Amino acid sequence: METKKTSLYQLHQDCNAKFVEFAGYQMPIQYSEGIVEEHKFTRNHSGIFDVSHMGQLFIYGGEDLIKDLEKIFPLDLKNLKLNHSKYSFLMDKDAGIHDDLIITKTKEGFLIILNAACKDNDFKILKEFLGDKYKMVMDENRSLIAIQGPKSSEILNNVINGVKDLNFMSGNWFTFENQKVYITRSGYTGEDGFEISIVNDFVDQLTRELINKGSKLIGLGARDTLRLEAGLCLYGHDLDKDKTPVEANLKWAISKERISKGDFIGSDIIIKQLNDGVSKIRVGIKPEGRIIAREKTKIFNQSDVHIGEITSGTFGPSVNGPVAMGYVENEFSKKNTKVFLEVRGKKHPASICSLPFYKKSYVKGVNK
């Protein structure tokens, strides 16, 4: 199959991007300054991420749609306010995670942002459950960009007036060059920021205007280091069909009201795990020294017994040291537990730590 390109491909080339193939797309992994500088610029200023490879699924419907989606997602959708967003999961009957996603209530129904590698399969799964009752559109005519960092609100508001008044995890329709753009105050870096859905023909112009106001394009490499420092999961690494939300330490994302009713896909397993506990759980891991423990690195306890595996690991520029996440047997998940990481045949000391490694800077309660 031919590799796809986003509508910003030419702009990426103009900015000397280094490309990689990701989920069937040619995507920028970094630009000329490199991943560490891009990471620091986002933390301290404002970075723009092309995430147009992700799925923008619009589902149209009213009260019946809410009832049907609540049978699929472990969310209290009937009480979700208009233009508000929630993080959630598409699970199988065993509570294994098909995908993690963001679902937003719109006037017409819901907008669901899906991971790029999962979006086609997600669409099929949702279509199987919902049938032909509702109009479902995976909108390929819209691009998605994220602007992240402490200066992002000021910069974006200079281009699209009014966005600074959005609360965290809420959104609305705005206008750019007479085009409707849907903007949510959200992101995946641990910083304040926004995600912008805009028609393909205007995304280049909008991105260039944001660059002219002081923001910079940032590649997927820095996006990965930023999200890991913030303790955020990456599907296909920290989350997959062999892990449940409870094992992933994400039970906060499951509605308590929905747990009490237990009528969503995978609810039997979720309720059992919440009551009985789990045998493995996702934790933060801080290696001692400068050793980087990459994905699939084995984790051992002090008795040299294999107790788990790293799912994400890198150097964290903002904390000036290595950071990692992984799954360990529950009895070894307590903070400050000493463990060992096997890297290139040698075992290196590390300890279980709380997440995130870097304190999130989300803006909440703007309008309160």
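Residues numbered from 1 in each chain as written. Predicted model: local features only at pLDDT ≥ 70, side-chain atom pairs only at ≥ 80, totals over all residues. Heavy atoms only, no water.

A. Inspection of unusual backbone geometry at higher detail. Note the cis peptide between Leu355 and Pro356, where omega equals 0 degrees. Within the secondary structure, Pro356 is located in the segment after strand 20 (346-353). Of note in this structure, Asn320 is not a glycine but carries a positive phi near 55 degrees. Mapping Asn320 onto the fold places it in the loop between strand 17 (306-316) and strand 18 (321-329). (Helix = DSSP H or I, 4+ residues; strand = E, 2+ residues; numbered from the N terminus.)

B. Layout of the packing of helix 2 (residues 35-44) against helix 7 (residues 220-229). The geometry of helix 2 relative to helix 7 is characterised by a closest axis approach of 8 Å and an angle of 55 degrees between their N-to-C directions. Viewed along their axes, helix 2 and helix 7 adopt a mutual orientation that is oblique. With respect to the hand of their crossing, helix 2 and helix 7 are arranged in right-handed fashion. Here Ile35, Glu38, His39, Thr42 and Arg43 of helix 2 lie close against helix 7, whose contacting residues are Gly221, Ala222, Thr225, Leu226 and Glu229. Class assignment of the residues belonging to the contact of helix 2 with helix 7 gives a composition of three nonpolar, four polar and three charged. (Axes fitted to C-alpha atoms, helices over the stretch in contact; angles between N-to-C directions. Parallel < 35°, antiparallel > 145°, perpendicular 65-115°, else oblique. Left-handed = near helix turned anticlockwise from the far one by under 90°. Contact = heavy atoms within 4.5 Å. Nonpolar A, V, L, I, M, F, W, Y, C, P; charged D, E, K, R; others polar.)

C. Examining helix 6 (residues 200-212) more closely. Turning to helix 6, its buried residues are Val203, Leu206, Thr207 and Leu210. Projection of helix 6 onto a plane perpendicular to its axis shows the buried side chains occupying an angular sector of 100 degrees, all on one side. Residues of helix 6 that are exposed and point more than 90 degrees away from the buried face comprise Asp201 and Asn212. Looking at the residues trailing helix 6, positive phi occurs at Gly214, about 125 degrees. (Buried < 20%, exposed > 50% of the residue type's maximum accessible area, 1.4 Å probe, protein only. Arc of directions from axis to C-beta.)

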